[in-house]
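What follows is each chain in one-letter form.
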Amino acid sequence: MKLEKKIKVAIDSPAAAGAGTQAKLISKYFNLFYLDTGKIYRMIAYIKINQPKKYNYTYIKKIMKNLNIKDLQAKKLLSNEVGTMASIISKDKKIRKLVHSFQIKKAYHPPKKYNGSCLDGRDITYKIIPDADFKFFITANTKVRALRRYRELKGLNKKISFNDVLKSIKKRDKNDYNRKISPLKRTKDSILINTTNFSKRACFLKIKNIMYRKLKA
Ligand code: C5P
């Protein structure tokens with residue numbers, strides 16, 4: 001599909017609300033460059049856990065400079081432990097600054113073959129792409145999110161109980177909503193998509209139709 005102008009889509013959401021799934025579907029459908037910004041914080045968290053001696057701003061700056069999008073697809077970044085550490089290191093102002101410039105570059109200058117960009121995270125709608133053509137806040141109730149994450153982790157053969165996943169989702173929500181720098185919030189101009197009682201396809205159709213209507217207007 002060819003669009004008349006390049007577009008930018010910004011999505012914010014709490015953990016495991018289905019934002020990544022929707023962002024991928026939208027990106028594929030509208031041929032947008034997709035960036036899962038949580039994976040960048042997860043990659044930095046992974047370094048903090050596994051190479052604590054190397055963890056400093058200069059090293060992370062170097063990593064960000066040479067970052068290849070493919071590195072973000074590594075399965076090792078999906079664990080609960082890495083997710084929890086990501087919500088801790090992402091409170092660091094200096095780390096966020098290093099990550100932000102990479103995200104802004106990708107959002108405003110995606111590779112030419114794409115019709116634009118689609119980023120999901122916690123501060124995309126108001127910090128990274130405040131002038132996005134489309135803004136969505138995707139959410140779902142806490143237990144449903146924990147159940148989805150639990151099934152995802154089980155699928156990866158991780159040994160974890162539902163209660164532990166629920167606890168860590170609650171902890172991450174607390175960290176992400178309440179931190180001083182770039183907290184998770186729904187901006188006034190973001191469209192709310194609650195995925196609790198809807199299938200992936202039903203949510204996608206809803207988002208696609210919203211976008212279509214505006215693009216055709
Ligand atoms: O999206 P995901 O669950 O992979 O993100 C991991 C953590 O990274 C989040 O809990 C959040 O603390 C942090 N994050 C952030 N800003 C973003 C994306 C993720 O602070 N834009």
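Residues numbered from 1 in each chain as written. Predicted model: local features only at pLDDT ≥ 70, side-chain atom pairs only at ≥ 80, totals over all residues. Heavy atoms only, no water.

A.B. asks: Where do I start with the overall build of the protein chain in this structure?
C.D. replies: What the protein chain contains, in helices and strands, is nine helices and five strands. Written out in order from the N terminus, the α and β elements of the protein chain read β-α-β-α-α-α-α-β-α-β-α-α-β-α. Radius of gyration (C-alpha) of the protein chain: 17 Å, near the 17 Å computed for a compact globule of 217 residues. Seen through its C-alpha atoms, the protein chain measures out along the principal axes to roughly 55 × 40 × 30 Å. The burial tally for the protein chain puts 49% of its 217 residues in the buried class. Taking contacts inside the protein chain between residues at least 6 apart in sequence as the whole, the part at least 24 apart equals 81%. Carbon and sulfur atoms make up 53% of the accessible area of the protein chain, which amounts to about 12,100 Å² in all. (Helix = DSSP H or I, 4+ residues; strand = E, 2+ residues; numbered from the N terminus. Rg over C-alpha atoms; globule rule 2.2 N^0.38 Å. Buried < 20%, exposed > 50% of the residue type's maximum accessible area, 1.4 Å probe, protein only. Contact = heavy atoms within 4.5 Å. Areas by Shrake-Rupley, 256 points an atom, 1.4 Å probe, with all protein chains shown as cover.)

A.B. asks: Mind showing me how you'd approach the layout of surface pockets here?
C.D. replies: Once rolled over the atoms, a probe with the size of a water molecule shows which space is left empty. Of the volumes computed, that of the largest pocket is approximately 960 Å³. Ala16, Ala19, Gly20, Arg149 and Glu152 are, among the 41 residues lining the largest pocket, the residues nearest its centre. In terms of residue class, the lining of the largest pocket is built from twelve nonpolar, 13 polar and 16 charged. (1 Å grid on protein atoms, 1.4 Å probe; cavity = no way out; pocket = protein on both sides within 12 Å on 5 of 7 lines; lining within 4 Å. Points joined across faces, edges and corners; volume = space filled by probe spheres on them. Nonpolar A, V, L, I, M, F, W, Y, C, P; charged D, E, K, R; others polar.)

A.B. asks: I'm lost on the site of the ligand in this one. Help?
C.D. replies: Around the ligand there are 14 residues in total, and Arg42, Arg96, Arg172, Asp176 and Arg179 lie nearest to it. A distance of 2.8 Å is found between an oxygen atom of the ligand and a side-chain nitrogen or oxygen belonging to Arg96. Contact distances for the ligand include 3.1 Å between a nitrogen atom and a backbone N or O atom of Arg122. Burial of the ligand by the protein amounts to 94% of the accessible area it has alone, namely 460 Å². A molecule is said to occupy a pocket when more than half its atoms come within 2 Å of that pocket's grid points, and by this definition the ligand occupies the largest pocket. For the shell around the ligand, the secondary-structure elements that each account for two or more residues are helix H2 (37-50), helix H4 (80-89) and helix H8 (162-178). Considering every element that reaches the shell around the ligand, the biggest residue donor is H2, with four residues. (Near = heavy atom within 4 Å. Polar contact = N/O pair within 3.5 Å; in protein donor to acceptor, adjacent residues only side chain to side chain. Sits in = over half its atoms within 2 Å of the grid points.)

A.B. asks: Would you mind going over the environment of Tyr29 with me for this structure?
C.D. replies: Topologically, Tyr29 is positioned in helix H1 (residues 19-30). Classification of Tyr29 by relative accessible area gives partly exposed; the value is 29%. With 158 residues separating them in the primary sequence, Tyr29 and Thr187 have C-alpha atoms 25 Å apart.

A.B. asks: Please explain the sheet that holds strand S1 (residues 7-12) as it appears in this structure.
C.D. replies: Backbone hydrogen bonds hold the strands of a sheet together, and the pairing may be parallel or antiparallel. In space, the five strands of this open sheet follow the order S2-S3-S1-S4-S5, with parallel pairing throughout. The two strands at the open ends of the sheet, each matched to only one other strand, are strand S2 (33-36) and strand S5 (191-194). Between one strand axis and the next, the sheet turns through 20° on average, direction left out of account. Both S1 and strand S3 (residues 116-121) contribute to a ladder of six bridges, which runs parallel. What sits directly across from Asp12, in S3, is Gly121. (Pairing = 2+ DSSP bridges. Axes fitted to C-alpha atoms, helices over the stretch in contact; angles between N-to-C directions.)

A.B. asks: I'm lost on the pattern of salt bridges in this one. Help?
C.D. replies: A side chain of one charge can pair with a side chain of the opposite charge if their charged atoms are brought near each other. In total, this model carries nine salt bridges according to the counting rule given. Measuring nitrogen to oxygen at the nearest pair gives 2.6 Å for the salt bridge that ties Lys5 to Asp133. Of this pair, Lys5 sits in the segment before S1 while Asp133 is found in the loop between helix H6 (124-128) and strand S4 (134-139), placing the two residues 128 residues apart along the sequence. Overall, Asp133 belongs to the buried group, its relative accessible area being 17%. A salt bridge links Arg96 to Asp123; its shortest N-O distance comes to 2.9 Å. Of this pair, Arg96 sits in helix H5 (residues 93-108) while Asp123 is found in the loop between S3 and H6, placing the two residues 27 residues apart along the sequence. Asp123 matches Arg96 in its accessibility class, with the two residues each being buried. (Salt bridge = Lys/Arg side-chain N within 4 Å of Asp/Glu carboxyl O.)

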